[in-house]
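# Coordinates in review
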Amino acid sequence: MMIYNKPLSSAAFLAGGSLAMAMILYIFRKKSKSATSLATFTLGKAKPKTKVMKGVVEPPSRTASSELTGPVIWVHFGSQTGTAEEFAKIIVKEGRKQRMNMKLVDLEKFDASRFPGSFGIFLVATYGEGEPTDNAKQFYHWLLERSGGNSCSGMQYAVFGLGNTQYEHYNAFGKLLDSTFEREGGKRMLKLGLGDDDKNIREDFEDWVKKLWPALSEHLGLEQSSQQWMDEGVQYKMQVKAHGYTKPATNGCSFQSSNALDAVHVETLRVRENRELNKGGERSCRHVEFDILAPAVGYETGDHLAIFPENDMSMVKALAARLQVDLSLYITVKDSDGFSPFPCPCTVEEAFARYLDINSLPRKSFLVALAEFARDGSERERLLKLASKEGQDLYHQYVVLETRNLLDLLNDFPSVQPSLECLVELVPRLQSRYYSISSSNLVHPRCVHVTAVVVEKKYQDGRSFHGVCTSYLRRLHQGDIVRAHLRKTNFKLPREVSTPVILVGAGTGIAPLRGMCQELEHRKRMLAPIGKNLLFFGCRRPTEDYLYEEEIGGWLENGTLSRVHTAFSRSNDTLGGGKVYVQQRVDENAIQLLSLLDAGACIYVCGSTAMARDVKRVLCQSLIFLRRMKGNGAEAFLEDLAKEGRYHQDVWTT
Ligand SMILES: Cc1cc2nc3c(=O)[nH]c(=O)nc-3n(C[C@H](O)[C@H](O)[C@H](O)COP(=O)(O)OP(=O)(O)OC[C@H]3O[C@@H](n4cnc5c(N)ncnc54)[C@H](O)[C@@H]3O)c2cc1C
Ligand SMILES: Cc1cc2nc3c(=O)[nH]c(=O)nc-3n(C[C@H](O)[C@H](O)[C@H](O)COP(=O)(O)O)c2cc1C
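Report follows, based on the coordinates. For clarity, every value in this text was computed on a predicted model and none was experimentally measured.

### Examining the overall build of the chain
Counting its regular elements, the chain contains 20 helices and 25 strands. Long-range contacts, defined as pairs at least 24 residues apart, comprise 79% of the intrachain contacts of the chain with a sequence gap of at least 6. Of the roughly 28800 Å² of accessible surface on the chain, 51% is carried by carbon and sulfur atoms.

In structure tokens form, the structure reads like this:
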């Protein structure tokens, strides 16, 4: 029996109980004492050594490979925006500290020749309509092809799914993978873990990972108790080195970032036009057109554009002033394994503007860390209270409902002066935001359009919260350069041009439907016999946010659309028909919709997850009442439509 005699450390990265919190405070205090003044930092020359083997992301580790013992434990991730990857890395780091032979695998680069292996841990997010992430698709199809062949025999596995209960197919891919492994002969080490991004996915992960270590110990035959794995608490891993005030000789990054976000293929787009769409009301909705600069890059109607936003400079400057740090200072940030969380060296300004989500709502672990930097005892107590279990409601009100970001917090707690190490460790990486492209490549082959409602909340105390990407979009001027990534989707019009289409959207859900109308109009102009096409559109008021009203009128006039059904949710005038939601219009027109479906029509629903759920519910009810179907029969009917590629959804949570 193997017994590891290395010091034990934590799997948890957030502390819930008071013991863990005390541990964290102890470690932070130790770090604060040993902190060196920024000005005395120097740039180390050594580059991190990276060993590369097919499909394996091998971070250099303080625990040399030769010290790692036992069978290889493959830790796979299927991730779109980085959360599953981040969780997988936490497991690998913690496992390696225990000298477990852990290897990180991006499912995109999965190597079939070494599958299944003896031990597999899988952290997988669900996307689309219950589908794998882009980087896990190939792996999943490979697995499906081997279905029934006992292809996972000999593998002991554990799966943690990342999902969101707002979506209809909650954690579908994680569940599917877990059951497929079992069916294919794998042995489950630990019950499937489900993380809900609508609530607190980090706490879900923390709870699951607490059980993972004892389960692994048991299956590896190690003598470890679950308590031992938990004892040490979280540690700072980031180190910040300042280079003085001059630009480094290398023009760009000399250190590789270990973040998958930096591996994504990034396009540069140039703003052609940026205009307001709303005709009234307090909200702003922007129509932004971007020229695609690279000749080889293109898109198709219905695709997504992921935009890499930048934080507002006034906030960046205010934060730097509050932290008393020079924005022009060049820094290199590395974790204890030598990896950088973003491209380095960079200026503090770049780090604050491009890489750190300084506008995000601070997590409880961050509040605990900030408490350690409070010079005023009562401020320290208040921060710890907010982060405690008893302070749950207070935290929800003060941070979540009243949307307080880091700067708001620092303004409310003036004695708190956190270090840069603390910020780069605990402020999340600024993510790209997805937008459904609102143009058609057939009409605008070198230009993508985006339709975005600006997120803005105002509070009585004079504060306001601005969404990062939508306020970035609002600030853009003609000629500005933007970093973005084009993503393919299955949200596509039927190939057969005469197939009728039913388009249902609310608010900015009109975006991809506009692209589709452009494509339908283009087909019509090419003299193709287009089908009977309906648009259902919902917004607040006809005089406020009826997006692209003139264009829609034009499509109705020239026969691209046969009928447009509008629903105004905040209108009292008779023109809009009172307070109506788009699903009600779908309900009122159910007879026509079902007969179009009989004729082979395809449905496209776009907007919030809640609206899409309601539209589906209304269609189910119509099938029950008008077609005398049973409840599950109606659901199965719509499921079948989706499988046939005739029921499409492009939805997101707000
Ligand atoms: C596949 C996909 C397609 C999308 N397509 C579009 C699109 O075509 N047009 C579009 O406008 N958005 C679209 N979104 C949403 C978009 O990605 C952003 O989430 C949104 O623009 C807010 O980003 P932000 O950076 O401004 O806000 P953040 O800085 O991320 O702030 C988020 C905060 O704002 C709140 N919030 C987010 N959206 C809203 C809202 N609409 N109203 C009120 N509060 C909100 C959130 O609850 C959260 O508290 C899409 C999302 C996905 C996943
Ligand atoms: C466009 C989109 C589609 C999604 N679809 C689903 C879904 O069908 N089921 C689900 O449980 N979660 C769904 N989610 C939620 C993600 O799985 C969840 O946010 C997860 O934490 C993302 O992990 P990642 O950052 O590793 O990609 C979706 C999220 C987005 C943005």
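### Digging into the pairing of strand β22 (residues 534-539)
Burial runs high along β22: six of the six residues are buried. Side-chain alternation along β22 places L534, F536 and G538 on one buried face and L535, F537 and C539 on a second face that is also buried. Note that strand β21 (residues 501-506) and β22 share five bridges and pair parallel. If you follow A506 over to β22, its bridge partner there is G538. Traced from β21 through helix α15 (residues 510-525) to β22, the parallel crossover comes out right-handed. As judged from the six bridges shared by β22 and strand β23 (residues 563-568), these two strands associate in the parallel manner.

### Some remarks on empty space enclosed by the protein
The tally for this structure, following the rule as stated, stands at three cavities of 30 Å³ or more. Of the voids in this model, the largest cavity is the one considered here, and its volume is about 110 Å³. Surrounding the largest cavity, G128, E129, G130, Q166, Y167, E168, H169, T609, A612, R613, Q649 and V651 form its lining. Elements with a minimum of two residues in the lining of the largest cavity: α19 (609-627) and β25 (647-652). The element that contributes the greatest number of residues to the lining of the largest cavity is α19, accounting for three residues.

### Examining the site of ligand 1
Surveying the vicinity of ligand 1 reveals 20 residues, the closest of which are Y434, Y435, T451, C469 and T470. A distance of 3.2 Å separates a nitrogen atom of ligand 1 from a polar atom in the backbone of S436. A distance of 2.7 Å separates an oxygen atom of ligand 1 from a polar atom in the backbone of C469. Contributions of two or more residues to the shell around ligand 1 are made by β16 (433-436), β17 (447-453), α14 (468-475) and β25. At four residues, β16 tops the list of elements feeding residues into the shell around ligand 1.

### Observations regarding the sheet that holds β23
With respect to topology, five strands assemble into an open sheet ordered β23-β22-β21-β24-β25, the strand pairing being parallel. Strands with a single pairing partner mark the edges of an open sheet, and in this sheet they are β23 and β25. Neighbour to neighbour, the strand axes of the sheet diverge by 10° on average, direction disregarded. Inspection of the sheet shows strand β24 (residues 602-608) paired to β25 by six bridges, in the parallel sense.

### As for the site of ligand 2
Of all residues adjacent to ligand 2, which total 20 residues, the nearest are S79, T81, T83, T126 and D197. At 2.7 Å from an oxygen atom of ligand 2 is found a main-chain nitrogen or oxygen belonging to Q80. A total of 650 Å² of accessible area belongs to ligand 2 in isolation, and the protein chains cover 89% of it. Among the elements of the structure, α2 (83-97), β5 (119-127) and β7 (156-163) are those that each provide at least two residues to the shell around ligand 2. Looking at which element gives the most residues to the shell around ligand 2, the answer is β5, with three residues. Class assignment for the residues of the shell around ligand 2 results in seven nonpolar, twelve polar and one charged.

### Let's talk about unusual backbone geometry
A cis amide bond links F115 to the next residue, P116, at an omega of 10°. That bond from C344 to P345 is cis: its omega, -5°, falls within 30 degrees of zero. Tracing the sequence through the fold places P345 in the loop between β14 (330-334) and β15 (346-347). Of note, N150 is a non-glycine position whose phi angle comes to about 55°, a positive value. Note on placement: N150 falls in the loop between α3 (137-145) and β7. Taking the relative accessible area as the measure of exposure, N150 reaches 46% and is therefore partly exposed. Notably, Y548 is not glycine yet its phi reads approximately 55°, a positive angle. Looking at the secondary structure, you find Y548 in the loop between β22 and α16 (549-557). By relative accessible area, Y548 is classed as buried at 5%.

### Side note on the packing of α3 against helix α4 (residues 172-183)
The N-to-C vectors of α3 and α4 enclose an angle of 35°; their axes lie 12 Å apart at closest approach. Note on packing geometry: the crossing formed by α3 with α4 is left-handed. Side by side, α3 and α4 meet where F139, Y140 and L143 of the first sit next to F173, L176, L177, T180 and F181 of the second. By residue class, the composition of the contact of α3 with α4 is seven nonpolar, one polar and no charged.

The rules behind the values
Residues numbered from 1 in each chain as written. Chains lettered and ligands numbered in written order. Predicted model: local features only at pLDDT ≥ 70, side-chain atom pairs only at ≥ 80, totals over all residues. Heavy atoms only, no water. Helix = DSSP H or I, 4+ residues; strand = E, 2+ residues; numbered from the N terminus. Contact = heavy atoms within 4.5 Å. Areas by Shrake-Rupley, 256 points an atom, 1.4 Å probe, with all protein chains shown as cover. Buried < 20%, exposed > 50% of the residue type's maximum accessible area, 1.4 Å probe, protein only. Pairing = 2+ DSSP bridges. Right-handed = clockwise from strand over helix to strand, strands pointing away. 1 Å grid on protein atoms, 1.4 Å probe; cavity = no way out; pocket = protein on both sides within 12 Å on 5 of 7 lines; lining within 4 Å. Points joined across faces, edges and corners; volume = space filled by probe spheres on them. Near = heavy atom within 4 Å. Polar contact = N/O pair within 3.5 Å; in protein donor to acceptor, adjacent residues only side chain to side chain. Axes fitted to C-alpha atoms, helices over the stretch in contact; angles between N-to-C directions. Nonpolar A, V, L, I, M, F, W, Y, C, P; charged D, E, K, R; others polar. Left-handed = near helix turned anticlockwise from the far one by under 90°.

Purely geometric numbers; function is a separate question.
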